[in-house]
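The primary structure of each chain is shown beneath.
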Amino acid sequence: VAFGGKVYSVSGEGYFAQGVIQLDNQDVSLEDKKVLQQIAQASILNHAEINYMPKEGLFRIKGDPTEAAYTIFAEKVGVTPETLENQYTVIKEIPFSSEKRFHAGFYKGKDGSVEAYLVGSPEVVMEHSSSVSDGNENVLSNFLKDGLRVVGVAHKTLKEGAACDESSLNDMEFLGLLGIQDAV
């Protein structure tokens, strides 16, 4: 996981939610944990189901493995699907398509705010964001060189009366990158 040009390691095995997130082998600061939790909030877009089969010692994933990995990352920073379901109501989702290369959703919070989340191709998410630091672009390049599957994440709180459609997916806050290593 990366934001602000810094790369955080995520430990753990498979789809187990046990593991820690560290920066330079140190526990993350409270401030950084808040940003990681913001990145995790976008996992509300995920629809993958993860089921552990203890007899076989295997996980069965129904849906997209990238979404499943994102859900597990979110759980490692304390953001669970149940928490998100209790916090937000779905207004509208724009499903991922290979043409658009992103998945977006609009959600009403308990406080009445309308939140937009955008997850997808890092280049596309960066294009929809108001500012992206050079550090994030360098990290993206390194993630890709390392053979990771990478998704970008952005967020925006919509102004009252704003349309919950693609026209509102501009000037978003770029939150960060998730680099996912495929199992060998």
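Let me sum up the structure you'll find in this document. (Residues numbered from 1 in each chain as written. Predicted model: local features only at pLDDT ≥ 70, side-chain atom pairs only at ≥ 80, totals over all residues. Heavy atoms only, no water.)

## Focus: unusual backbone geometry
In the Ramachandran plot, Asp-24 falls in the positive-phi region, its phi being about 55 degrees despite a non-glycine side chain. Even without a glycine there, the phi angle at Asp-171 is positive, about 50 degrees. Mapped onto the fold, Asp-171 is located in the loop between β11 (149-158) and β12 (173-180). With a relative accessible area of 56%, Asp-171 lands in the exposed category. (Helix = DSSP H or I, 4+ residues; strand = E, 2+ residues; numbered from the N terminus. Buried < 20%, exposed > 50% of the residue type's maximum accessible area, 1.4 Å probe, protein only.)

## Section: the layout of surface pockets
Within this model, the largest pocket holds a volume of roughly 700 Å³. If you trace the largest pocket, you find 26 residues lining it, with Gly-14, Ala-69, Gly-179, Ile-180 and Gln-181 closest to the centre. When residues of the lining of the largest pocket are traced back to their parent elements, those giving at least two are β3 (9-10), α2 (65-76) and β12. Looking at the lining of the largest pocket, the element that brings in the most residues is α2, giving 6 residues. Of the residues that constitute the lining of the largest pocket, the class distribution is 15 nonpolar, 6 polar and 5 charged. (1 Å grid on protein atoms, 1.4 Å probe; cavity = no way out; pocket = protein on both sides within 12 Å on 5 of 7 lines; lining within 4 Å. Points joined across faces, edges and corners; volume = space filled by probe spheres on them. Nonpolar A, V, L, I, M, F, W, Y, C, P; charged D, E, K, R; others polar.)

## What about the sheet that holds strand β4 (residues 21-23)?
Taken in spatial order, the 3 strands make up an open sheet running β3-β4-β5, and their pairing is antiparallel. A strand with exactly one partner marks an edge of an open sheet, and here the two such strands are β3 and β5 (26-27). In the sheet, β3 pairs with β4 via 2 bridges, with the strands oriented antiparallel. In the strand pairing of β4, Val-10 is matched with Ile-21. (Pairing = 2+ DSSP bridges.)

## Some words on the packing of aromatic side chains
By the definition in use, this model includes 9 aromatic pairs. Note on Tyr-88 and Tyr-117: the rings are 6.3 Å apart at their centroids and 80 degrees apart in plane angle, and the pair reads as edge-to-face. Taken as a pair, Tyr-88 in strand β8 (residues 88-94) and Tyr-117 in strand β10 (residues 114-120) lie far apart in primary sequence, 29 residues in all. Of the two residues examined, Tyr-88 and Tyr-117, each falls in the buried class. With 6.3 Å between their ring centres and 50 degrees between their planes, Tyr-107 and Tyr-117 make a pair best called tilted. Placement of Tyr-107 in strand β9 (residues 102-109) and of Tyr-117 in strand β10 is noted, with a sequence separation of 10 residues between them. Of the residues examined, Tyr-117 reaches a relative accessible area of 3% and is grouped as buried. (Phe/Tyr/Trp six-rings, centres within 6.5 Å; stacked < 30°, edge-to-face > 60°.)

## Comments concerning the pattern of salt bridges
Going through the model one piece at a time under the given rule, you end up with 3 salt bridges. Put simply, Asp-32 and Lys-6 hold a salt bridge, and the shortest N to O gap is 3.6 Å. Placement of the pair is Asp-32 in helix α1 (residues 30-41) and Lys-6 in strand β2 (residues 6-7), with a sequence separation of 26 residues. Between Glu-123 and Arg-101 there is a salt bridge, with the nearest N and O atoms lying 3.7 Å from each other. With Glu-123 in helix α4 (residues 122-127) and Arg-101 in the loop between β8 and β9, this pair connects stretches of sequence that are 22 residues apart. Note on Arg-101: relative accessible area 36%, which makes it partly exposed. (Salt bridge = Lys/Arg side-chain N within 4 Å of Asp/Glu carboxyl O.)

## A short note on the packing of α1 against α2
Packed helices, taken two at a time, are described by their axes: the angle between them and the distance between them. The geometry of α1 relative to α2 is characterised by a closest axis approach of 9 Å and an angle of 145 degrees between their N-to-C directions. Both α1 and α2 take part in a crossing whose hand is left-handed. In contact with Leu-36, Ile-39 and Ala-40 of α1, α2 contributes Tyr-70, Phe-73 and Ala-74. (Axes fitted to C-alpha atoms, helices over the stretch in contact; angles between N-to-C directions. Left-handed = near helix turned anticlockwise from the far one by under 90°. Contact = heavy atoms within 4.5 Å.)

Keep in mind these values describe shape, not function.
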